[in-house]
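Given next are the chains, with one letter for each unit.
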Amino acid sequence: MRRLRNAAIALVVVLAVVVGALGWYAYDLSRRSFPDLDGRVKIEGLAGNVEVLRDKNGIPQIYADTPEDLFRAQGYVQAQDRFWEMDVRRHMTAGRLSEMFGSSQVDNDIFLRTLGWHRVAQQEVDKLTPEARAYVEAYAAGVNAYLKGRDGDELSFEYTLLGFVHDDYKPEPWTAVDSVAWLKAMAWDLRANLQDEIDRALLSEKLTVNQIDELYPPYPYERNQTIVTGGAVVKEGNPTVETFRQDAAPVVPSKSASAALTELSKTLEQLPPIFTDRSSGVGSNSWVVSGSRTTTGKPLLANDPHLSASLPSAWYQMGLHCRVVGPQCAYDVSGYTFAGMPGVIIGHNQKIAWGLTNLGADVTDLYLEKVTDTGYLYNGAYQPFDEVRTEVVKVSGGDDRTITVRSTRHGPILSEASDEMEDVGKDAPIPDPGPQREDGFAVALRWTALDPGTTMESVFQLNRATDWNSFREALRSFEVPSQNVVYADVEGNIGYQAPGRIPIRLAGDGRWPAYGWDPKYEWDSMIPFDSLPNTFNPPEGFIVTANNAVTTPTYPYTLTTDWGYGSRSQRIIDMINTKPKIDPQAMADMQMDDRNPIADTLVPYLLAVEVDDPWVREAQNLLKDWDARQTSDSKAAAYFNGVWRQLLMLAFGDKMPFSVRATGDCQLDPTNGKTNCGERDDNTALPDGGDRWFEVVRNLLSDAESPWWNISDDPGTITTRDALLLKAMTAARKELTAKMGKDIDTWSWGRLHTLELKNQTLGTDGPGIVQWMLNRGEYELGGGEGLVDATGWNAARGYEVTTVPSMRMVVDLSNLDASRWINLTGASGHVWHDNYTDQTELWKKGRTLPWAFTRPAVEAAAKHTLTLEPEGPQPGAGAPPPTDGATPGLSPSPQPGPSESATATGRSTSTPTSTATSSATSSRSPSSTSSGAD
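Residues numbered from 1 in each chain as written. Predicted model: local features only at pLDDT ≥ 70, side-chain atom pairs only at ≥ 80, totals over all residues. Heavy atoms only, no water.

Engineer: I'm lost on the state of the cysteines in this one. Help?
Structural biologist: By definition, a disulfide links the sulfur atoms of two cysteines through a covalent bond. Here the structure, examined in full by the defined rule, presents 2 disulfides. Across the disulfide, Cys666 is cross-linked to Cys677 (sulfur-sulfur distance 2.0 Å). In this structure, the disulfide formed by Cys666 and Cys677 twists by about 105° around the S-S bond and is classed as right-handed. Linking Cys666 in strand 26 (residues 666-669) with Cys677 in strand 27 (residues 674-677), this pair joins segments that are 11 residues apart in sequence. Once the bonded cysteines of the protein chain are numbered in order along the sequence, the disulfide links fall as 1-2, 3-4. (Disulfide = S-S within 2.5 Å. Helix = DSSP H or I, 4+ residues; strand = E, 2+ residues; numbered from the N terminus.)

This is the structure in structure tokens:
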């Protein structure tokens, strides 16, 4: 026994040494891809020197003399930090993931090829103005300048890992289409109520239309405020033009608008607003407060978009600065970008700030189509498909796949590429009389994003806007995805604009799949931009958007019938109204608010239930003095959410068809002895527990005998509300005991509600050792689904965090250098780099980093300086080089004043950290981790 024990110890030691050696080897190998952050690099195509200053968190601020140089440098720098992420993204948008990852991605590629994002992006690039096209092509050239001469393992460690499985893959040059195509992925992620439309069709397998309507209740206008509280669409001018006017007297709407309004008003109580997006946690908060209500005397603007958690974060922080801001170079902007796209998506420039949340406009419709081999039924006759094309999906390590994509007048047929869409075609209700269903209908998608648009153009215009009018003019081109955009400027103004291409339907409200054979379900036109809701300096002194309803029901157009329910927005409004004056720290504190909005309603019902079992009663007593706060260390929050999950599964989950239930949700069918399991991916399974379910349960609690409360298997016995609540409390006590132990004092919400940050490719499906290297966590979090601190989780799946505030920012318009920001992870996408997840602990605690904007502030924070130099002779060459190593013509300048229209910003003397003259002469050591946050 002694020899066996010694042998076992020796084996453990050897394994530890081997694993340690492998880990050290991988760590050493990964450092090959760490980018140079200091020194000088020559880049072809630059007109002049470009400086890249990075702080200790690796966040870059770029300074150039021309827009083309600025965006070329942006491409170079983002490729330094995030090229693997960029490469995977472009393969996804083009339906070419199988070329990287093999046959496991073929089905994804088929679906994405059917949608045709890359083809539409090419059309959008062709539509760009010469100026905007020059910018996206300069960005692509900058990416390619970084790729030049580098092998995959010098670009990212993931290429080394990929080479062990698919050693035939080599990164291709970047193109302008690769950048623009990412807008399609962004739009798909924020595609509003398409998932609701699918879910309603699938729920009809087992539930009646009336039952489904109970699960999609009306928006509570009387309890939760809309974004724009007054105003109307009015006709003015000659010829007559529609315009949305604040607090205008109601007018008779246009004919098409009248039809939409009539349809809305008739069905408002029965068929109203619901939650938006494919996953209940995908949303956002943004709000802006006027200087009349702030301690600074100028506006404060906050934003925190809620997206799926990813590593690296979806966002990349950076600044883009023209050394002299004027007509020839108008950019002085800083904020959050997408790696792979030029420009800044959310942030501020020297004059204005803006934030985004998803509007949730209904811009998608599924059309049921009666098809043959050669065409489809429309208006009583069959006609040929509008497009038939062949696509070849190349598969690394496997045989190529050839697919045929067919499109009707409404769009591509998705049911031939998606099992779920095929089920929609089989089960969606249709009118009687209608075409024979036979084996089901094909399902086509009409979506505004599949028509070439101008959003890329809008990003450039938005980045250089300087006032309310130029801001609105920029948003005129922001077509997809529709967003709520809040505004503030250094003059003290605040505002809101809803942009986007939003259809006006001839009939129907977009809640159910439409009948492709009937012309009355066509889209008539798009809502005119000037008729879209907006407000400027509202009298209440604030504007709050959190995916809640934009307008009251009197607005004459249907934006959607599937709003978020306003639990977050109303909580933010209530917090603003309790404070006489708001300072920047109060804005940040509000972003971390963790009060559960359904607790005040549900807890009294739970405490009123008589519980005989002392073991269950011990858990019930946790709720007696609970303040409804969901801090990570709260025992009561853990138990309440356990009860909430069990309540949803008992009342609703077990009554739903398996097509919408989670894969792990299995049930024995007593009639045949077979076990059936859910078919839905865990992230989108129902019931998910979002704020729509807050409203569903709130409406049912007063009716103790609602059929939804019945959990009896005996048809002759009907149970009521309190019986279900007792069973939910008992089941929650059992579940939490199994997960966290018998001692209730050791329970906490954070132990259940954990976040693991996963590399979105090899970190999800790779071998365990690879996941260990690439992923980070678990992090114990507070907050929750439907809360302002929106760490979303899906009740059908479990308590793990699925969506998060992907970044947080607070912009101070009285002093832009006093603004604060934080990212979910870090600037770098390189595993083991100091900036890989250096912001995550700060993000978890609700802390933020200083956000330097003016050149003096950026220089004071800078730890690295990289100078990009023109390669070869340039126009105007021949001037003697500076003798002190400085960039010619730079001198200090203060922050621009609010009255300046063309300012020289960021002019200062800069001495590069290194004066090396080759591209490989600087230290590869990463910047040190920062903790300088509040």
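Engineer: It is not clear to me how the sheet that holds strand 3 (residues 60-64) should be interpreted in this structure. Could you clarify?
Structural biologist: Sheet strands line up and pair through hydrogen bonds in the backbone, either parallel or antiparallel. Spatial ordering of the open sheet is given by 1-35-2-3-8-9-10-11-19-20-24, a layout of 11 strands whose pairing is mixed. Looking along the sheet, the strands with just one partner apiece sit at the ends: strand 1 (39-43) and strand 24 (534-536). Between one strand and the next, the sheet's axes are offset by a mean angle of 15°, whatever the strand orientation. By the bridge criterion, 4 bridges tie strand 3 to strand 8 (residues 316-322) in an arrangement that is parallel. When the bridges of strand 8 are listed, Gln61 appears paired with Gly319. Lying on the sheet, helix 2 (residues 67-93) is in contact with strand 1, strand 2 (50-55), strand 3, strand 8, strand 9 (332-337) and strand 35 (862-870); it crosses strand 8 at an angle near 155°. Lying over the sheet, helix 13 (residues 455-463) contacts strand 9, strand 10 (346-349) and strand 11 (352-358), oriented at roughly 145° with respect to strand 11. (Pairing = 2+ DSSP bridges. Axes fitted to C-alpha atoms, helices over the stretch in contact; angles between N-to-C directions. Contact = heavy atoms within 4.5 Å.)

Engineer: So what exactly am I meant to see when it comes to unusual backbone geometry here?
Structural biologist: Trans peptide bonds make up most of the peptide bonds, and negative phi angles are found at most residues other than glycine. A cis geometry characterises the amide bond from Leu311 onward to Pro312, with omega recorded as 0°. With respect to the secondary-structure elements, Pro312 resides in the loop between strand 7 (300-308) and strand 8. Here the bond from Val480 into Pro481 is cis, since omega is -5°, no more than 30 degrees from zero. Mapped onto the fold, Pro481 is located in the loop between helix 14 (468-475) and strand 19 (483-489). Of note in this structure, Asn547 is not a glycine but carries a positive phi near 65°. One can find Asn547 in the loop between strand 25 (542-545) and helix 15 (567-577). The phi dihedral of Ala628 is positive, around 70°, even though this residue is not glycine. With respect to the secondary-structure elements, Ala628 resides in the loop between helix 18 (614-620) and helix 19 (635-651).

Engineer: Honestly, the side chain of Asp365 in this entry has me stumped. Any pointers?
Structural biologist: Tracing the sequence through the fold places Asp365 in strand 12 (residues 364-369). Of note is the side chain of Asp365, whose polar atom sits 2.7 Å from the side chain of Arg505. Other than its neighbours up to four places away in sequence, Asp365 contacts Glu197, Ala444, Leu445, Arg446, Arg505, Gly510 and Trp523. (Polar contact = N/O pair within 3.5 Å; in protein donor to acceptor, adjacent residues only side chain to side chain.)

Engineer: Teacher, can you tell me more about the packing of aromatic side chains here?
Structural biologist: Where two aromatic rings form a pair, the distance of their centres and the angle of their planes describe that pair. Taken as a whole and judged by the stated rule, the model has 39 aromatic pairs. Ring plane angle 20° and centroid distance 6.4 Å describe the contact between Tyr219 and Tyr565, whose orientation is recorded as stacked. One end of the pair, Tyr219, is in the loop between helix 10 (209-214) and strand 4 (232-236); the other, Tyr565, is in the loop between strand 25 and helix 15, and 346 residues separate them in sequence. Considering the side-chain rings of Trp315 and Tyr336, the 6.2 Å spacing of their centres and the 75° angle between planes classify their relative orientation as edge-to-face. (Phe/Tyr/Trp six-rings, centres within 6.5 Å; stacked < 30°, edge-to-face > 60°.)

Engineer: Explain the pattern of salt bridges to me, please; I cannot follow it from the model alone.
Structural biologist: Close approach of charged atoms allows side chains of opposite charge to pair. Enumeration over the complete set of coordinates arrives at 51 salt bridges. In this structure, Arg855 and Glu51 form a salt bridge, with 3.1 Å as the shortest nitrogen-oxygen distance. Residue Arg855 is found in helix 26 (residues 855-861), and its partner Glu51 is found in strand 2; the two are separated by 804 residues along the sequence. A relative accessible area of 1% places Arg855 in the buried class. Judged by its relative accessible area of 1%, Glu51 is buried. (Salt bridge = Lys/Arg side-chain N within 4 Å of Asp/Glu carboxyl O. Buried < 20%, exposed > 50% of the residue type's maximum accessible area, 1.4 Å probe, protein only.)

Engineer: Which parts of the structure should I look at to understand the sheet that holds strand 16 (residues 401-408)?
Structural biologist: Ordered by their spatial adjacency, 3 strands build an open sheet running 15-16-17, and the pairing between neighbours is antiparallel. Unpaired on one side and paired on the other, strand 15 (387-393) and strand 17 (411-412) mark the two borders of the sheet. As judged from the 7 bridges shared by strand 15 and strand 16, these two strands associate in the antiparallel manner. Within strand 16, the residue paired with Glu387 across the bridge is Ser407.

Coordinates in, geometry out; function isn't part of it.
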